[in-house]
Amino acid sequence: MSSSIVVPVIDVHSNNFKELWPAMVVAIKTSSFIALDTELSGLGNRKSLLAESIEDRYKAICHAARSRSILSLGIACYKKLDQKPPDSYLVQVYNLTLLCSEEYIIEPQSVQFLVQHGFDFNKQYGCGIPYCKGNNKGGSDERGVHIRTLFTELLRARKALVLHNGLIDMAFLYQSFYAHLPERLTTFTADLSEMFPAGIYDTKYVTEFELRLTASYLEYAYKKCKLENSRSVTSGSAGPHVHLEFCQYAGDLSTYIDYRECPAVTSTEGQTDVCQRFSAFGWCPNGTNCPLSHDTDLIILQDEKCKNDKRKRRKRLRDKKGASDTGKDCSVSDGAPTNKMANMEEDKEEAAGDQKEGDEKSCTDGNSHMDDGRDMKNDDEEENGVGEDKTNPGDSAVSVGEGTGIRSTESNAEARKKADAGTHRAGFDAYMTGYIFAYACALIKKEAEPGPEGADAQSEESWLPVCINKIYLSGKAAPLNVVKSTFAKSSKAHVQKMEMVWGQKM
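The notes below deal with the structure included here. (Residues numbered from 1 in each chain as written. Predicted model: local features only at pLDDT ≥ 70, side-chain atom pairs only at ≥ 80, totals over all residues. Heavy atoms only, no water.)

1. Examining the pairing of strand β2 (residues 33–40)
Short version of the rule: Relative accessibility decides the category of a residue: with a 1.4 Å probe and only protein chains considered, values under 20% of the type maximum give buried, values over 50% give exposed, and everything between is partly exposed. Secondary structure is summarised from DSSP: a helix means a run of H or I of at least four residues, a strand means a run of E of at least two, and numbering begins at the N terminus for each. Between any two strands, pairing holds if DSSP finds at least two bridges.
Most of β2 sits inside the fold, with eight of its eight residues counted as buried. Residues Phe33, Ala35, Asp37 and Glu39 line one face of β2 and the alternating positions Ile34, Leu36, Thr38 and Leu40 line the opposite face, and both faces are buried. Examined bridge by bridge, β2 and strand β3 (residues 70–80) share eight bridges and lie antiparallel to one another. From the neighbouring strand, Glu39 faces β3, where its bridge partner is Ser72. Direction of pairing for β2 relative to strand β6 (residues 160–163): parallel, over a ladder of three bridges. By the bridge assignment, Phe33 is partnered in β6 with Ala160.

Okay, here's the thing in structure tokens:
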């Protein structure tokens, strides 16, 4: 059904940061788009993060970003390849281990989750790349080899930025590597719109509103997109086909690579012991002690079987009722779960954090799921190192190519021996985020009406125009728009930083 491949993730820490610096800067500057992901030391009060008022949510996120820290940063640089089949990319993935030089809060559940998934806190405290939060403290951000300078290079590159459920990520990145977060949300979004002129894309918004997947947590969305891409390639259809190539690394650099294996999706005939909580939200309160399956391959295949069964039932109903009632029976799109209301908060008490109710809330067939309003990072628990179990994500239709990196004599078989399929990395999560985006771009471009030759180039430049600068908001029917309002000014710290970044006033 899909092929098993190995993704090289470059492990970056204080001992090799300077050595890898030139390669990282080149990868950022030459990329077509960049996907980011973070692992955090915690998020604080979950109820505040799901407040009905978005402004109140923002205040809670600001408090978390100022009092907690980023433990690791994943950067996946996707470079579109010319003279290759359409939608072919060279991918370079970096996982940066960081250490905040200031005091910060670290939450026990964050530690527990990360340790369960292979995060090495001894390594973090021993060789994490140091950084200070807030406004620049001593020295200029545009000089030297440090993480704030790397973030400045990211801004200067003017590339499209891709995240998954990205509001919290953006706040932590701003506070950690850029400047002190502004007090008002409108000021924050005004700053972001100028920081990333090529646009910010949230793949959770893309999967909810455009791809309309049954579930939208990162591993599910990634595996589903990879599976559909593999089927498209295998069937010989016209597309979309996303093709990836990875750099191969030789010499001393090969010792910095963590190989992440993506096993092929296999048949799961006869297995039905799926954990419905994990199936819906990618998180289970029992964690690794849950007696039911957290196998995302099994979850996806059961979802598809459920959807096919529903189609057959509707067809039988249509045959019985006759053509006159066909419209009523077909009112629900086959491409989306039948009882799902995207982003709608179903129960405010549950959204405030009642785990017991959330555990009991699953749809009648166990495969199509309501968003219960708790799908925040660290609560539902998406990808910031506090809850989602992401082991052995599947892959398909990916080839290892020469690219622009350093070639190695190491064979794929040798790489697989060193492959680690059990650890949770911000780098690999960034890779998955980037893949979802690449697939969505290919799919939506294919489904769009064909236009003149110039229109394709314009569409390519703007990637997904319907999704640009729209950040997913849990429990809300509309996203957060990252725009500069006529009623909001940019923050003073941002204006000063932009003058430094671009050498001119904004």
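2. What about the side chain of Thr187?
So the rule is basically this: We call two residues in contact when some of their heavy atoms are within 4.5 Å.
On the secondary structure map, Thr187 appears in helix α8 (residues 185–195). Overall, the relative accessible area of 13% leaves Thr187 in the buried class. Excluding its chain neighbours within four sequence positions, the residues that come into contact with Thr187 are Pro182, Lys489, Ser490 and Ser491.

3. Considering the nonpolar core
The condition is simple: Only buried residues count toward a nonpolar core. Its members are Ala, Val, Leu, Ile, Met, Phe, Trp, Tyr and Cys residues joined through side-chain atoms within 4.5 Å.
Membership of the largest hydrophobic core comes to 78 residues, with the highest contact counts inside it found for Leu96, Phe188 and Phe196. Among the elements that take part in this core, helix α7 (residues 167–177) stands out by supplying eight residues, more than any other. What Leu96 contacts, discounting residues up to four positions off in sequence, is Val12, Phe17, Met24, Leu71, Ser72, Leu73, Ile75, Ile129, Ile147 and Leu150. With 42 residues, the next largest nonpolar core counts Cys225, Ala430, Met432 and Cys441 among its residues.

4. Re the packing of helix α1 (residues 17–30) against helix α6 (residues 147–157)
The description of two packed helices rests on the angle between their axes and on the distance between the axes. Just so we agree on the cut-off: Here the axes come from fitting lines to C-alpha atoms, over the contacting stretch only for helices, and the angles between their N-to-C directions go from 0 to 180 degrees. Oblique is the label for any angle not covered by the other classes, which are roughly parallel (under 35 degrees), roughly antiparallel (over 145) and roughly perpendicular (65 to 115). Handedness of a crossing follows from how the near helix is turned relative to the far one, being left-handed for an anticlockwise turn of less than a right angle and right-handed for a clockwise one. Just so you know the grouping, Ala, Val, Leu, Ile, Met, Phe, Trp, Tyr, Cys and Pro go in nonpolar, Asp, Glu, Lys and Arg go in charged, and all remaining residues, Gly too, go in polar.
At a closest axis distance of 9 Å, the pairing of α1 and α6 adopts a crossing angle of 15°. Between α1 and α6, the interaxial angle falls into the category roughly parallel. Like other packed secondary-structure pairs, α1 and α6 cross with a definite hand, here right-handed. Taken together, the residues of α6 that come into contact with α1 (itself represented by Phe17, Trp21, Met24, Val25, Ile28 and Lys29) are Ile147, Thr149, Leu150, Glu153, Leu154 and Ala157. In terms of residue class, the contact of α1 with α6 is built from nine nonpolar, one polar and two charged.

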